[in-house]
Amino acid sequence: MFLAASWLTQVLLASSIMGSPVDVRNSLITTPLTRRLKFSNGTINLSQHDKARMATFRNYNTRRQYIDIIPVSNVYYGYDIAVNVGSPSTTYNLAIDTGSSITWLRNSAYMQTVTSVNTRHRVRETYSYDSDYDDGDDDGDNDDNEGEGDDDDEGEDNDDEGNKVYIKGTVWNDTVTLGGWLTVIAFPLTIAEIVKGIEEDEIGILGLGPRPLSLGALIDEPDRTIPTITDYLYYQGRIDQHIVGIFFQPTTTEADSLSGELSFGGPDKTRCIGNIVYTRVTTIPTASNYWCINQKITYGSMEILKTTAGIIDSGSTFLYIASDAFEQYQTATGGIHDEITGLLTITLTQYMALQNSNFHIEGQIFSLSRNAQIWPRHLNYELDKNADLNAIYLIVKDIGTRSGTGKDFNLGFVFLQRFYTVFDSSSSPGHVGLAKTSFTDITTHL
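Reference entry: report on the structure contained in this document. Counting restarts for each chain, with residues numbered from 1 along the sequence as it is written. In keeping with the predicted nature of the model, local features appear solely for residues at pLDDT of at least 70, side-chain atom pairs appear and are counted solely at 80 or more, and the whole-chain, interface and lining totals rest on all residues. Note that the side-chain values use all heavy atoms of the structure and ignore hydrogens as well as water.

Two descriptors summarise a pair of aromatic rings, namely the distance from one centre to the other and the angle between the planes of the rings. Think of it this way: a Phe, Tyr or Trp ring, Trp meaning its six-membered ring, pairs with another when their centres are within 6.5 Å, and the plane angle makes it stacked under 30 degrees, edge-to-face over 60, tilted otherwise. For the structure shown, the criterion picks out eleven aromatic pairs. Each ring, one from Phe359 and one from Phe415, has its centre 5.2 Å from the other, and the planes form 70°; the classification is edge-to-face. One end of the pair, Phe359, is in strand S18 (residues 357–361); the other, Phe415, is in helix H6 (residues 413–416), with 56 residues separating them in the sequence. Across the pair, Phe415 and Phe359 agree in class, each one buried. Taking 5.5 Å as the distance between ring centres and 85° as the angle between the ring planes, the aromatic pair formed by Phe366 and Phe419 counts as edge-to-face. One end of the pair, Phe366, is in strand S19 (residues 364–368); the other, Phe419, is in strand S23 (residues 419–424), with 53 residues separating them in the sequence. Taken individually, Phe366 and Phe419 each receive the classification buried, so the pair is uniform in this respect. Taken together, the ring pairs connect Phe359, Phe366, Phe415 and Phe419 into an aromatic cluster. Two limits define a charge over a ring: the Lys NZ or Arg CZ must be within 6 Å of the ring centre, and within 35 degrees of the ring normal. The ring of Tyr351 carries Arg370 above its face, with NZ or CZ at 5.9 Å from the centroid. Under the DSSP-based scheme used, a helix requires at least four consecutive residues in state H or I and a strand at least two consecutive residues in state E, with every element numbered from the N terminus. Each residue is placed in one exposure class: buried if its accessible area under a 1.4 Å probe, protein chains only, is under 20% of its type's maximum, exposed if it is over 50%, and partly exposed if it falls in between.

Now the structure itself:
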């Protein structure tokens, strides 16, 4: 068995065999992303997906003590990256997720090659649960177990897993290539024999969250963490800085596909307008393992959320704020809760009267214009089969708890589409950078 502590040793040894990492170090490497737009039953599913993630964030602790787990609907709205694994390689489209740090791939899809090494380390990663909901329904769950994995799970927590959205698998070290040429060797890839609550065509996830998020996921060594893809790119000399930048852009047509980018080793400043504003990751114990920052939120000139901590998460669709802030936002906008979609709706007159939602970070203001605060109307038909195709839906939602928890907002995918985002692990506790782009103020959603 390869010990978790020896992963870095394996990396450095392999790098020395392949050649000096200095020879291949690059200051900035970019890889394209493909937009994903998949709904199985509309935004109620998206809302449930996000609601479960909010509950996971609220109740996360480093000992992985999850309770009252529920499955969430099989939907995802975000971006994929093409990842080549093995030699000869197989290409997999993995979802980008800044709210988790483990990179995993379904066992049924994984093709073992001469570079594949089974470490025998067992992993369980739980993605969502909700303490307010428990229907015991296991629909949509699927088992990728092909005769291996569960027979060596001694010491695992065998509590009722019927309501969890989770994966369970084995760590394999393998060669991984991003963008067709950016290669790392002996990368710890979790091959999931069991996948629960995630639709079958979801092949896997590229975890870009902070490494401490994996603490407790290694079943046999819960006090150790699993290195991320950014860790390995840096360890093996492929990048100069322990940084990943993410560029998304708002959807203008359903045909939009190649409209995103990851940059490793530093930000791609060609995507930015003005300076990148950096802020430290919060040191609040309940939130510091995530990409969690401090900010104040105003609607127009009215403060609706005082300076507090919250999470930036590409795996959530909407923008969530604490319940007391949401109540003020709903009153100010005049939004009415729509039972069909679960979103606030407004009239065209109310839309024209919308004021900017402002996010105050390090003395700078990042604003969502009125257009950035609504769901793209050309995609209304994707929300629900009974959704009003002409309705105007707001993308701000209630996080479910009042302010003061240390996780009082969640800036999801709809926020990240409007700003360039930098995640910097070069120093503890890390930094997050934000910058405007040419898409920050576009008006295509109406």
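For this document, the term salt bridge refers to a Lys or Arg side-chain nitrogen within 4 Å of an Asp or Glu carboxyl oxygen. For the structure on display, the rule yields six salt bridges. With a shortest N-O distance of 3.8 Å, Arg211 and Asp231 are connected by a salt bridge. Residue Arg211 is located in the loop between strand S9 (204–207) and helix H3 (229–235), and its partner Asp231 is located in helix H3; the two are separated by 20 residues in the primary sequence.

What follows covers the pairing of strand S11 (residues 260–264). Counting buried positions over the five residues of S11 gives five, a clear majority of the element. Strand pairing is assigned whenever DSSP identifies at least 2 bridges connecting the two strands. Note that strand S10 (residues 243–247) and S11 share four bridges and pair antiparallel. Bridged to Val244 within S11 is Phe264.

With that settled, consider the nonpolar core. Side-chain atoms within 4.5 Å are what join buried Ala, Val, Leu, Ile, Met, Phe, Trp, Tyr and Cys residues into a set we call a nonpolar core. Counting 79 residues, the largest nonpolar core has Ile229, Phe264 and Ile321 as its most contacted members. Among the elements that make up this core, the one with the highest residue count is strand S8 (residues 182–196) (five residues).

Looking now at helix H4 (residues 323–333). An α-helix turns once every 3.6 residues. As a result, residues three or four positions apart point the same way. All buried positions along H4 are accounted for by Ser323, Asp324, Ala325, Phe326, Tyr329 and Thr333. Positive backbone phi, at 80°, marks Gly334, one or two positions downstream of H4.

Time to look at the sheet that holds strand S20 (residues 392–393). Taken together, the three strands give an open sheet; going across it, the order is S16-S17-S20, and neighbouring strands pair in antiparallel fashion. Edge positions in the open sheet fall to strand S16 (336–337) and S20, since each of these has one partner strand only. Where S16 lies against strand S17 (residues 344–346), two bridges are found, and the strand directions are antiparallel. Among the inter-strand pairings, Ile336 is bridged to a residue of S17, identified as Thr345. The contact criterion used is simple: two residues touch if any of their non-hydrogen atoms lie within 4.5 Å. For helices, the fitted axis covers only the stretch in contact; all axes are lines through C-alpha atoms, and the angles between them, taken along N-to-C directions, range from 0 to 180 degrees. Its contacts with the sheet place H4 against S16 and S17, and it is angled at close to 20° to S17.

Attention now moves to the pairing of S18. Burial analysis of S18 places four of its five residues in the buried class, which makes it a mostly covered element. Here four bridges tie strand S13 (residues 292–299) to S18, and the two strands are oriented antiparallel to one another. By the bridge assignment for S18, Tyr299 is matched with Ser357. The pairing of S18 with S19 spans five bridges and is classified as antiparallel.

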